[in-house]
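What follows is each chain in one-letter form.
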Amino acid sequence: MAQHQRKLSNMFVQPKFQLKLSLIYMFVGGLILCAVGLVVLQITSGVEDLMNNNPIVDFRVQGQINDLMLQCVQASLLGFGIFILFSFVFALVVSHRIAGPQVAISAYIEALKQGDYDYQRNLRPRDELNDIMYGLKALAPILKERDKNLIENQESKKAGNEL
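Rules used throughout
Residues numbered from 1 in each chain as written. Predicted model: local features only at pLDDT ≥ 70, side-chain atom pairs only at ≥ 80, totals over all residues. Heavy atoms only, no water. Phe/Tyr/Trp six-rings, centres within 6.5 Å; stacked < 30°, edge-to-face > 60°. Helix = DSSP H or I, 4+ residues; strand = E, 2+ residues; numbered from the N terminus. Buried < 20%, exposed > 50% of the residue type's maximum accessible area, 1.4 Å probe, protein only. Core = buried A, V, L, I, M, F, W, Y, C linked by side-chain atoms within 4.5 Å. Contact = heavy atoms within 4.5 Å. Salt bridge = Lys/Arg side-chain N within 4 Å of Asp/Glu carboxyl O. Patch = residues over 30% accessible without salt bridge, like charges linked within 9 Å, V, L, I, M, F, W, Y side chains within 5 Å. Areas by Shrake-Rupley, 256 points an atom, 1.4 Å probe, with all protein chains shown as cover.

Colleague: Explain the packing of aromatic side chains here, please?
Modeller: Two descriptors summarise a pair of aromatic rings, namely the distance from one centre to the other and the angle between the planes of the rings. By the definition in use, this model includes six aromatic pairs. On the numbers, 6.5 Å between centres and 45° between planes, the contact of Phe83 with Phe86 is tilted. Of the two residues, Phe83 and Phe86 are both situated in helix H2 (residues 59–113); the distance of three residues between them amounts to about one turn of the helix. Looking at Phe86, the relative accessible area reads 18%, which means it is buried.

Colleague: Quick question: what am I supposed to make of the nonpolar core here?
Modeller: A general feature of soluble globular proteins is that nonpolar side chains tend to end up buried together. One finds Val36, Val40, Ile43, Val47, Leu50, Val61, Ile65, Leu68, Cys72 and Ala75 forming the largest nonpolar core, which totals 10 residues. Broken down by secondary-structure element, the contributors of at least two residues to this core are helix H1 (15–53) and H2. What Val36 contacts, discounting residues up to four positions off in sequence, is Ala75, Ser76 and Gly79. Of all hydrophobic cores here, the second largest spans nine residues; its members include Tyr108, Tyr117, Met133 and Leu136.

Colleague: Would you explain the pattern of salt bridges in this entry?
Modeller: Where charged atoms from two side chains of opposite charge come close, those side chains can pair. Evaluation of the coordinates by the stated rule reveals two salt bridges. In this structure, the salt-bridge partner of Lys113 is Glu110, at a minimum N-O distance of 3.0 Å. On the criterion of helical spacing, the pair formed by Lys113 and Glu110 is a turn pair, its members being three residues apart in helix H2. Relative accessible area serves as the criterion here: at 39%, Glu110 is assigned to the partly exposed category.

Colleague: Can you help me understand a nonpolar patch on the surface in this one?
Modeller: A cluster of nonpolar side chains, Leu85, Phe88, Val89, Leu92 and Val93, forms an exposed patch at the surface whose accessible area comes to about 490 Å². Within the secondary structure layout, Leu92 lies in helix H2.

Note that all results are geometric; they support no functional claim without further evidence.
What follows is the structure, encoded as structure tokens:
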């Protein structure tokens, strides 16, 4: 059985939306990485200063170096934790911008299926999937007119059969 390969160009279904979010994520992630890198660089330069200014590394100097290296590890772990927290919040916001409209669109579709063509459900202006909701709202009057015509045709056929 042949396996279908996805093209890279197919990954960008909505390039404006996807690239914007990707760039925001990369920018903030890069800022966090740079901040951690600067802190680690500052701490390691303190270790270098200690080693250059003390030709003999005794227990006191070794203790100071150990403390600085511990600070380096703590700064790295803190940066990693901040990045994980940012990733969680970012994913939550993105999923809310998609899942929220999905609920509203599903409710709108259910109303259309029940024949309630005047049902109104709006999305927030910055929500994703607004194009789908606009399409459904444009479809509602068409379906309403089609149902009206079907009912009129059925009633006229009934009236014709009764004669």
